[in-house]
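Survey of secondary and tertiary structure
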Amino acid sequence: MRRAPQNWAATNMIDPGSVVTVKTDATPEERADLAAAITERLRSVMDPELGADIVTLGMLNEVLVDDDGAAVVTVALTTPSCPLRAQIDKDVRGAVLSVEGITTIDLRIGQLDPDAKARLMDTARRLAQEGATATSIPPRARILGISSGKGGVGKSSVTVNLAVSLARRGLRVGILDADIWGFSIPRLLGLDGALEARESKMVPKRLTVGSGELLVLSMGFLAGEDQAVMWRGLILNRAVQQFIEDAHWDGIDYLLIDLPPGTGDVQMGLARMLPRTELLIVTTPPEAAQKVASRAADMARRGNLRVAGVIENMSAFTCEHGETYALFGSGGGSRLAAHLGVPLLGEIPLDPDVASGGDAGVPIAGTDGEVGAVFNAIAERIATDIAPLLDASGCTARLLEVLEEAAGPARS
Ligand SMILES: Nc1ncnc2c1ncn2[C@@H]1O[C@H](COP(=O)(O)OP(=O)(O)OP(=O)(O)O)[C@@H](O)[C@H]1O
Ligand SMILES: [Mg+2]
C-alpha cells in the first residue's frame, strides 16, 4: 500500500489495506462525504467470478481525489493477465466518473500481493459460506437476467429465443421464469404438465435443441394461470428463491432469467440470492433513452447488478418486397446503450414470425431465417465476448473450486 502524502487527509478506511484520501479545501465533513460517495459507487463494480464487489473483496487499494476533482484510483487484481481486466477497468471508470464532482480518473491496475490475495480468499470463502443461497447452479455458469424498464417489450420472447440460440451452440441453458404471476415461458416453448421432483428438489423440464439442451422452470408448471394470480406479491421472492435453491440446475452453462416487468422486488431479491447475475436490458426503438436508462440504471444500482448489454427488439421490419419500415422509430437501443456505457448486442426486427413462433411454442431462433440469424449472432457475441463461460476465462476461476469446497454440502 502506498502511504498517503502528508498534505492529503485520510478520511475513510475502506477495508484493511485500503485508504481513501481526499486533497481538497473542503471541510472534513465534505471530504468524508466525497470519500464515502466514491467508495459506495465502487461497491457496484463486481468481480463476476467471485460474485462480490471489488470493495468487499479488498481489491480497491486506494482512492485519491484532489481539489480539481481529479481521481486517482488503484485497483489490484488476482493476476495481471486477468481476462476480466477490461471489464473491471471499464466498470471502475464508469462508477468513479458518475460521482458528482469527479472530473477525471487516473486508474492504476496492479496485482494483489500474496497477503492481500490470502485476505481476498478468506473474504470470498466467508461469503461463500454465508451466502444466502445454496444452489446447484455451477460456479462457472453465467447468469443473465433479461430485464426492461417497462412491460411488453419482448423480454420473454428474447429469453426463449436467446436460450435456443445458445443451446444450438451445444450448450446446456437453464431458463428460470421469474415472472411468477405473468409467466409466459411454458407457452412460448410449447411445454406443459406438472414438474417432477427428485430428492425433494424440482427437476426442470428438458428440451433438446440441436446438440444442446434447455432446462426450464416456471410457475406455469406448478399452478394454473388463475391460481398464480392469487399468489401475487406474497410469495413472489420465495418462489424465485425456491427455483434457485430447490431445483436441479446441474451442469448448466447459462441461466437466463426472464424477469417480470418493472424494477421491483424480484431484481432486489436476485441481487441478494445470486449477486453475480448480470442484466441484459431489452428496449424498443422509440423508447426515450433518458427515461429507460435512468430506470434501468436505478434498478442496477439498487440491486448492485451489473448491466452487460442492451438488446433492441421490434426494430425495423422488412416486408416481403424488401422494403424496410421502421414502424416504431429507430435508435432507441443504441441511444440507451450509449447512455449506459454498455454494448448494443443486436437489433431484432419486428417480424410476425416472432409472435407466431411464440404462439406455436416453436421459437423462431430454431430456424435459419433472418430473425433466427440475428438471435444466433447475439448468442455468439454473448458466448465469446460479453459473458463467456467462466472456466474459459481462467482469471479467478481456479479459486472457485476452493470456494465450492468451503461452501460444503450446502451447495450440493
Ligand atoms: N420482434 C418481434 N416481432 C414481432 N412481435 C414480437 C417481437 N417480440 C415480441 N413480440 C410480441 O410482442 C408481445 C410481447 O412480447 P413478450 O411477451 O415477449 O414481452 P414481455 O416484455 O415479456 O412482456 P411482459 O412485460 O408482459 O412480460 C408478444 O405477443 C410477442 O409475440
Ligand atoms: Mg414476459
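The structure we're discussing is the one just above.
Computed from a predicted model, the values in this text were never measured in an experiment.

Sheet architecture is open: eight strands sit in the order 12-13-9-14-8-15-16-19, paired in mixed fashion. Two strands bound the open sheet, and with one partner strand each, they are strand 12 (205-209) and strand 19 (344-349). Put simply, the sheet's adjacent strands are angled 20° from each other on average, direction ignored. In terms of strand pairing, strand 8 (residues 142-147) meets strand 15 (residues 278-283) through four bridges, oriented parallel. Each residue of the ladder has a partner; that of Gly-145, found in strand 15, is Leu-279. Docked against the sheet, helix 10 (residues 332-340) engages strand 15, strand 16 (306-315) and strand 19, running at close to 170° with respect to strand 16.

Here the focus is the packing of aromatic side chains. Scanning all chains against the criterion turns up zero aromatic pairs. Here the basic side chain of Lys-205 rests over the ring of Phe-221, its NZ or CZ set 5.3 Å away from the ring centre.

All right, on to the site of ligand 1 then. The environment of ligand 1 is formed by 17 residues, the closest being Gly-152, Lys-155, Ser-156, Ser-157 and Asn-313. Contact distances for ligand 1 include 3.0 Å between a nitrogen atom and a backbone N or O atom of Pro-349. Protein coverage of the free-state accessible area of ligand 1, which is 630 Å², stands at 76%. Broken down by secondary-structure element, the contributors of at least two residues to the shell around ligand 1 are helix 4 (155-167), strand 16, strand 19 and helix 11 (352-360). Looking at the shell around ligand 1 residue by residue, the classes come out as eight nonpolar, six polar and three charged.

So, on to the nonpolar core. The biggest cluster of nonpolar side chains holds 71 residues, and the ones touching the most others in it are Leu-214 and Tyr-254. Apart from the residues within four sequence positions on either side, Tyr-254 is in contact with Arg-142, Leu-144, Leu-166, Leu-171, Arg-172, Val-173, Gly-174, Ile-382, Ala-383, Ala-387, Pro-388 and Leu-389. Core analysis: the second largest hydrophobic core is formed by 31 residues, Ile-54, Met-59, Leu-60 and Ile-102 among them.

Of note in the backbone geometry, Glu-199 takes a positive phi value of approximately 50° without being a glycine. Along the chain, Glu-199 turns up in the loop between strand 10 (196-198) and strand 11 (201-203). Positive phi is not limited to glycine here, since Met-314 has a value of about 65°. Within the secondary structure, Met-314 is located in strand 16. On the basis of relative accessible area, Met-314 is assigned to the partly exposed category, the value being 22%.

Rules behind the numbers
Residues numbered from 1 in each chain as written. Chains lettered and ligands numbered in written order. Predicted model: local features only at pLDDT ≥ 70, side-chain atom pairs only at ≥ 80, totals over all residues. Heavy atoms only, no water. Pairing = 2+ DSSP bridges. Helix = DSSP H or I, 4+ residues; strand = E, 2+ residues; numbered from the N terminus. Axes fitted to C-alpha atoms, helices over the stretch in contact; angles between N-to-C directions. Contact = heavy atoms within 4.5 Å. Phe/Tyr/Trp six-rings, centres within 6.5 Å; stacked < 30°, edge-to-face > 60°. Lys NZ or Arg CZ within 6 Å of the ring centre and 35° of its normal. Near = heavy atom within 4 Å. Polar contact = N/O pair within 3.5 Å; in protein donor to acceptor, adjacent residues only side chain to side chain. Areas by Shrake-Rupley, 256 points an atom, 1.4 Å probe, with all protein chains shown as cover. Nonpolar A, V, L, I, M, F, W, Y, C, P; charged D, E, K, R; others polar. Core = buried A, V, L, I, M, F, W, Y, C linked by side-chain atoms within 4.5 Å. Buried < 20%, exposed > 50% of the residue type's maximum accessible area, 1.4 Å probe, protein only.

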